[in-house]
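# Observations on chain architecture
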Amino acid sequence: QVQLVESGGGLVQAGGSLKLSCAASGSGFSSNAMAWYRQGPGKQRELVASMASGGRTTIADSVKGRFTISRDNAKNTVYLQMNSLKPEDTAVYYCNMVSFGIYYWGEGTLVTVSS
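Residues numbered from 1 in each chain as written. Predicted model: local features only at pLDDT ≥ 70, side-chain atom pairs only at ≥ 80, totals over all residues. Heavy atoms only, no water.

Glancing now at unusual backbone geometry. The bulk of non-glycine residues show a negative phi, and the bulk of peptide bonds are trans. In this structure, Asn-76 is a non-glycine residue whose phi angle is positive, near 50 degrees. Despite not being glycine, Ser-84 shows a phi value in the positive range, around 50 degrees. Looking at where Ser-84 falls in the secondary structure, it is placed in the loop between β8 (77–82) and β9 (91–99). Relative accessible area serves as the criterion here: at 40%, Ser-84 is assigned to the partly exposed category. (Helix = DSSP H or I, 4+ residues; strand = E, 2+ residues; numbered from the N terminus. Buried < 20%, exposed > 50% of the residue type's maximum accessible area, 1.4 Å probe, protein only.)

Its location among the elements puts Arg-66 in the loop between β6 (57–59) and β7 (67–72). Among the residues examined, Arg-66 registers a relative accessible area of 9% and is labelled buried. There is a polar contact of 3.0 Å between the side chain of Arg-66 and the backbone oxygen of Ser-62. For Arg-66, the residues in contact, after removing those within four places along its chain, are Gln-81, Met-82, Asn-83, Ser-84, Leu-85, Lys-86 and Asp-89. (Polar contact = N/O pair within 3.5 Å; in protein donor to acceptor, adjacent residues only side chain to side chain. Contact = heavy atoms within 4.5 Å.)

What follows concerns the pattern of salt bridges. Inspection of every chain in the model, using the stated rule, returns four salt bridges. In this structure, Glu-46 and Arg-38 form a salt bridge, with 2.7 Å as the shortest nitrogen-oxygen distance. The exposure class of Arg-38 is buried, given its relative accessible area of 6%. Across the pair Arg-38 and Asp-89 runs a salt bridge, and its minimum N-O distance is 2.9 Å. Taken as a pair, Arg-38 in strand β4 (residues 33–39) and Asp-89 in the loop between β8 and β9 lie far apart in primary sequence, 51 residues in all. (Salt bridge = Lys/Arg side-chain N within 4 Å of Asp/Glu carboxyl O.)

Structure, rendered in structure tokens:
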């Protein structure tokens, strides 16, 4: 049984930084791709960043150069470092794992960026 628990969201001023964490329970973390998605007010959920088990990363154009994804397999944790935050980054951020074709989601953590 996979469980994903996000933390680190909050209220920050534009230009500030936050670091999100996602702790995964269950086995096989290091073998699976991990990702961060977000859903802003009135918007569809979108991929922000992903990291394959081998370390290859994908970053959305809208956050490239500002956000970084990383993982610590020893801690079963994936991170999203967010710098130079903008009001349009305001969203609920979700952690995602794909294992054997099954998508697992955390409950999300709210990030609010004030102007």
